[in-house]
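Chain residues, written in single-letter form:
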Amino acid sequence: MSALAHHYTPGAGPVVLFLPGYASDMAGTKALAIDGWARAGGRAALRFDYRGCGQSGGDFAAMTLEDWRDDVIAMIDQVAGPVVLVGSSMGGWLMLSAALARPGRVAALVGVAAAPDFTDWGFSADEQRTLLADGRLLRPSPYGPEPTLYTRALWESGARLRLLNAPIALHMPVRLLHGMADADVPYAVALKLVERLAGGDVQLTLIKDGDHRLSRAADIALLIRTIEEVAR
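Description of the structure in this document. (Residues numbered from 1 in each chain as written. Predicted model: local features only at pLDDT ≥ 70, side-chain atom pairs only at ≥ 80, totals over all residues. Heavy atoms only, no water.)

**Let's talk about the pairing of strand E3 (residues 43-48)**
In step 1: Counting buried positions along E3 gives six out of six residues, so the element sits mostly inside the fold.
In step 2: Burial of the side chains of E3 extends over both faces: Arg43, Ala45 and Arg47 are buried on one face and Ala44, Leu46 and Phe48 on the other.
In step 3: Where strand E1 (residues 6-9) meets E3, four bridges bridge the pair, whose relative direction is antiparallel. In the strand pairing of E3, histidine 7 is matched with arginine 47.
In step 4: One ladder, built from four bridges, connects strand E2 (residues 12-19) with E3; its direction is parallel. (Buried < 20%, exposed > 50% of the residue type's maximum accessible area, 1.4 Å probe, protein only. Helix = DSSP H or I, 4+ residues; strand = E, 2+ residues; numbered from the N terminus. Pairing = 2+ DSSP bridges.)

Structure, rendered in structure tokens:
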């Protein structure tokens, strides 16, 4: 296995590979719920930490989206057989980029509040000026006491991985879950992603009162049902 910190649950079926969001790790609610589902049902699952995150080594501030995309590809390459990528927020962007690099290995995609191209639409003009002038931006986090760091290198790498400005040549089944009360990723992003994906087997489920995290019991149950549908 890769030197990246990871936890593999052996079992049947495609390997369900969970991709955390920005500055998150493999110990989150959704990652652990998928791991529990896999253990209970004898299914294969893999969760991991990107470089600079969680238990993996590396300097978080030095990482780019391309670095983390390459981490996903490395994890795909470490397991045998098809994989189902489950990407949360930024992980939803990385799952798309990784699937474009390994289309023959990816059986299906499940996005949870997927945030492709968030470096385009996720920063105000003032924040972009700060990133360009200072090379870094600290933004208060609604999920903890410490502010979240963004860097100019990360922002610039987003332009190189931009997806929503052209058709996305992916043809495997895609399932997207998105909260209409998401304060971080507007659900219009999910609608745009549906339009851009080239394949026909694409479904978007909108949760009217769902927030960005989609970590309530009902949200987790929906996620597990969605994974079960495509991980056959």
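**Details of unusual backbone geometry**
Trans peptide bonds make up most of the peptide bonds, and negative phi angles are found at most residues other than glycine.
In step 1: For serine 89, which is not glycine, the phi dihedral falls at a positive 55°.
In step 2: Structurally, serine 89 can be placed in the loop between strand E4 (83-88) and helix H3 (90-101).
In step 3: Despite not being glycine, aspartate 117 shows a phi value in the positive range, around 65°.
In step 4: Turning to its location among the elements, aspartate 117 is positioned in the loop between strand E5 (106-112) and helix H4 (118-121).
In step 5: Residue classification places aspartate 117 among the buried positions, given a relative accessible area of 3%.

**Points about the environment of glycine 87**
In step 1: With respect to the helices and strands, glycine 87 occurs in strand E4.
In step 2: Looking at glycine 87, the relative accessible area reads 0%, which means it is buried.
In step 3: Separated by 32 residues in sequence, glycine 87 and glutamine 55 place their C-alpha atoms 19 Å apart.

**Some remarks on the packing of aromatic side chains**
In step 1: Under the counting rule described, the total for this entry stands at 10 aromatic pairs.
In step 2: Measuring from centroid to centroid gives 6.4 Å for phenylalanine 118 and phenylalanine 123, while their planes differ by 35°, and the two rings are tilted. Grouping residues by exposure puts phenylalanine 118 and phenylalanine 123 together as buried.
In step 3: A centroid spacing of 5.1 Å and a plane angle of 85° characterise the contact between phenylalanine 123 and tyrosine 150, whose relative ring orientation is edge-to-face. Here phenylalanine 123 is found in the loop between H4 and helix H5 (125-134), whereas its partner tyrosine 150 is found in strand E7 (residues 148-151), with 27 residues between them in sequence.
In step 4: One aromatic cluster in this structure is built from Tyr22, Phe48, Tyr50, Phe60, Trp68, Trp93, Phe118, Phe123 and Tyr150. (Phe/Tyr/Trp six-rings, centres within 6.5 Å; stacked < 30°, edge-to-face > 60°.)

**So, the nonpolar core**
In step 1: Of all hydrophobic cores here, the largest spans 53 residues; its most connected members are Tyr50, Trp68, Leu85, Leu109 and Phe118.
In step 2: The greatest single-element share of this core, amounting to seven residues, is contributed by H3.
In step 3: Discounting chain neighbours no more than four positions away, the residues touching tyrosine 50 are Leu4, Leu19, Pro20, Gly21, Ser56, Trp68, Asp71, Val72, Met90, Gly91 and Leu94.
In step 4: In terms of nonpolar packing, the next biggest core, distinct from the first, is built from 22 residues, Val16, Ala38, Val110 and Ile207 among them. (Core = buried A, V, L, I, M, F, W, Y, C linked by side-chain atoms within 4.5 Å. Contact = heavy atoms within 4.5 Å.)

**Here we look at the pattern of salt bridges**
In step 1: With the rule as written, the count across this model stands at 13 salt bridges.
In step 2: Between arginine 139 and glutamate 127 there is a salt bridge, with its nearest N and O atoms 2.8 Å apart. Here arginine 139 is found in strand E6 (residues 136-139), whereas its partner glutamate 127 is found in helix H5, with 12 residues between them in sequence.
In step 3: Notably, a salt bridge pairs arginine 216 with aspartate 219, separated by 2.7 Å at the nearest N-O pair.
In step 4: You can call aspartate 219 buried: its relative accessible area is 6%.
In step 5: A network of salt bridges, in which partner residues are shared, links Asp35, Arg39 and Arg47. (Salt bridge = Lys/Arg side-chain N within 4 Å of Asp/Glu carboxyl O.)

**Brief notes about the environment of leucine 163**
In step 1: Its location among the elements puts leucine 163 in the loop between helix H6 (152-160) and strand E8 (174-179).
In step 2: Note: C-alpha distance between leucine 163 and glycine 54 (109 residues apart in sequence) is 27 Å.
In step 3: Excluding its chain neighbours within four sequence positions, the residues that come into contact with leucine 163 are Trp93, Leu96, Ser97, Leu100, Asp117 and Ile168.

**Some thoughts on the sheet that holds E2**
In step 1: Across the sheet, which stays open at both edges, the seven strands sit in the order E1-E3-E2-E4-E5-E8-E9 with mixed pairing between neighbours. Where the open sheet ends on each side, the last strands, each with one partner, are E1 and strand E9 (202-207). The mean inter-strand angle of the sheet, taken between neighbouring strand axes irrespective of direction, is 15°.
In step 2: The sheet contacts of H3 involve E2, E4 and E5, and relative to E4 the element is tilted by about 145°.
In step 3: Its contacts with the sheet put helix H8 (residues 217-230) on E2, E4, E5, E8 and E9, and the angle it makes with E8 is roughly 170°. (Axes fitted to C-alpha atoms, helices over the stretch in contact; angles between N-to-C directions.)

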